[in-house]
Amino acid sequence: MAILTEVFSTPIYETELTLDLDKILELVYKEKSQRVLSNMGGRQTEDLDRSTYAFLIDEIMLHAGDYFKLFNYNAELVFWNLWANINKYKDHNTLHHHLGSGGDLNFISGVVYIKTPKNCGTLGIEHPLDYIDLVINQDFVKHPNKYISHQIHLEPKENLLVLFPAYLKHFVAPSQNKLQDRISLSFNIGVKHKEKL
């Protein structure tokens, strides 16, 4: 009898929140700080004040706790940082990961979508095996699936929370919306280790 064992799975968590998006939009547009990291065009803020966004961080951490249980890891989650992304027409974010940030090692990264007009750019997530394309030529893939796809694309949706391991490389496709901003809040969550088992 043949046995199929699936190994090295990578969970991505998605859930819909019920945030007051108008309140968050007002806060984001008041923020004037700016930095350039993975963003090509658009505006990424410096890290936001955690106390101002405590209502959102609490909601994120509730879901992060549920997600973290999948890993069966002997540690406590620690919320590290949060920032806003405002993308206009053709703005995008290049391929990157969130492993390290300011000397801290991240475990979970994620995004909450605040404003997502039509065709504003998908979230692309790459296969964690860097050289999968050397083995599997995507031009010959009949139907992409979890065994042979080199990337997936998640459609942004207002009030959607997405959590994923910080090591996953990801990018934001260029916005094709000429009229409205695409606004999201991204964040990192680290761990505080408990005693070794």
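Everything that follows concerns the structure shown earlier in this document.
Worth saying up front: this structure is predicted, and the values here are computed from it rather than measured.

Caption draft 1: Main features of helix α1 (residues 21-30). For α1, the full list of buried residues reads Leu-21, Ile-24, Leu-25 and Val-28. Down the axis of α1, the buried set is contained in an arc of 100°. They therefore lie on one face. Turned more than 90 degrees off the buried face of α1, the exposed positions are Asp-22 and Lys-30.

Caption draft 2: Up close: the packing of aromatic side chains. Per the stated rule, a full pass over the model turns up 9 aromatic pairs. With 6.0 Å between their ring centres and 25° between their planes, Phe-79 and Phe-187 make a pair best called stacked. Here Phe-79 is found in strand β4 (residues 75-87), whereas its partner Phe-187 is found in strand β12 (residues 182-193), with 108 residues between them in sequence. Residue Phe-79 is classed as buried on the basis of its relative accessible area of 8%. Members of the aromatic cluster, each reached through a chain of ring pairs, are Tyr-13, Tyr-67, Phe-68, Phe-71, Tyr-73 and Phe-107. The side chain of Lys-23 reaches across the aromatic face of Phe-55, ending 4.1 Å from its centre.

Caption draft 3: Just the environment of Asn-93, in detail. You can see Asn-93 is positioned in strand β5 (residues 92-96). Sequence separation between Asn-93 and Phe-171 is 78 residues; the distance between their C-alpha atoms is 5.3 Å. Every residue in contact with Asn-93, bar those within four places of it in the chain, is listed here: Ser-38, Asn-39, Gln-44, Asn-87, Phe-171 and Val-172. Side-chain polar atoms of Asn-93 contact the side chain of Ser-38, separated by 3.2 Å. Of the polar contacts made by the side chain of Asn-93, one reaches the side chain of Asn-87; its length is 3.2 Å.

How each quantity is defined
- Sequence positions are assigned chain by chain, starting from 1 and proceeding in written order.
- Only residues with pLDDT of at least 70 get local features here, since the model is predicted, and only at 80 or more are side-chain atom pairs given and counted; chain-wide, interface and lining totals rely on the full set of residues.
- In computing side-chain values, all of the structure's heavy atoms are included and hydrogens and water are not.
- Relative accessibility under 20% of the residue-type maximum defines a buried residue, over 50% an exposed one, and the middle range a partly exposed one, all with a 1.4 Å probe and only protein chains included.
- Helix numbering and strand numbering both begin at the N terminus, where a helix is a DSSP run of H or I of at least 4 residues and a strand a DSSP run of E of at least 2.
- Note that the arc is computed from the directions linking the helix axis to the C-beta atoms.
- Working definition: rings of Phe, Tyr and Trp (its six-membered ring) pair if their centres are within 6.5 Å, and the pair is stacked with planes under 30 degrees apart, edge-to-face with planes over 60 apart, and tilted otherwise.
- To sit over a ring, a charge needs its Lys NZ or Arg CZ within 6 Å of the ring centre and within 35 degrees of the ring normal.
- Whether two residues are in contact is decided by their heavy atoms: any pair within 4.5 Å suffices.
- Two N or O atoms form a polar contact when they lie within 3.5 Å of each other; inside protein one atom must be a possible hydrogen donor and the other a possible acceptor, and for residues adjacent in sequence the pair counts only when both atoms belong to side chains.

As far as function goes, none of this settles anything; it's purely spatial.
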